[in-house]
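Topology and contacts: notes
Single-letter residue listing:
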Amino acid sequence: MTDERRGAVEAADSVLVALADPTRRQLLDLLAAQGEATATTLAGRLPVSRQAVVKHLAVLDAAGLVSGSRVGREVRYAVRPAALDATAQWMAALAADWDRRLANIKRVAEEAEGDSR
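Residues numbered from 1 in each chain as written. Predicted model: local features only at pLDDT ≥ 70, side-chain atom pairs only at ≥ 80, totals over all residues. Heavy atoms only, no water.

Some thoughts on the packing of helix H2 (residues 22-34) against helix H4 (residues 50-62)
Put simply, H2 and H4 touch, their axes get as near as 10 Å, and they point 80° apart. Overall, the two elements H2 and H4 adopt an arrangement that is roughly perpendicular. On the side of H2, the interface is formed by Thr23, Arg24, Leu27, Leu28 and Leu31, while H4 contributes Val53, His56, Leu57, Val59 and Leu60. Tallied by class, the residues present in the contact of H2 with H4 amount to seven nonpolar, two polar and one charged. (Axes fitted to C-alpha atoms, helices over the stretch in contact; angles between N-to-C directions. Helix = DSSP H or I, 4+ residues; strand = E, 2+ residues; numbered from the N terminus. Parallel < 35°, antiparallel > 145°, perpendicular 65-115°, else oblique. Contact = heavy atoms within 4.5 Å. Nonpolar A, V, L, I, M, F, W, Y, C, P; charged D, E, K, R; others polar.)

So this is what it looks like as structure tokens:
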């Protein structure tokens, strides 16, 4: 595996781990709908504490899915779609590879069936 491919897989791993938690997916949905928000605002919309929201946002930030920018005393978070886009492209390439393999299996099976007649 090349270093570039390994890096893409590791990036996809961190995105998938971050998305495995339903609270983090809800945070992404809220941020996508609102554009940007503070941890306090987000905590008001979820059944978890502000501290829990901050911890979830840290995981999302480490995966490259959100970014925080300081505005005065507040930190406002926004979605960064690039990591999600890269993961979707990786998954699409993986799916295309499996589609090719399955098409080859189908072709071989059909040829074998034709030969047996």
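A look at the nonpolar core
Membership of the largest hydrophobic core comes to 20 residues, with the highest contact counts inside it found for Leu42, Val53, Leu57, Leu60 and Leu65. Looking at this core, the elements with two or more residues in it are helix H1 (3-19), H2, helix H3 (39-44) and H4. No other element matches H2, which puts four residues into this core. Not counting residues within four places of it along the chain, the set of residues in contact with Leu60 comprises Ala18, Arg24, Leu27, Leu28, Leu65 and Val66. (Core = buried A, V, L, I, M, F, W, Y, C linked by side-chain atoms within 4.5 Å. Buried < 20%, exposed > 50% of the residue type's maximum accessible area, 1.4 Å probe, protein only.)

Things to note about the pattern of salt bridges
What the rule picks out here adds up to seven salt bridges. Across the pair Arg80 and Asp61 runs a salt bridge, and its minimum N-O distance is 3.9 Å. Placement of Arg80 in the loop between strand S3 (74-79) and helix H5 (82-116) and of Asp61 in helix H4 is noted, with a sequence separation of 19 residues between them. The partly exposed category is assigned to Asp61, whose relative accessible area is 35%. Linked through salt bridges whose partners overlap, the residues forming this network are Glu36, Glu74 and Arg76. (Salt bridge = Lys/Arg side-chain N within 4 Å of Asp/Glu carboxyl O.)

Any functional reading would require information beyond the geometric quantities listed.
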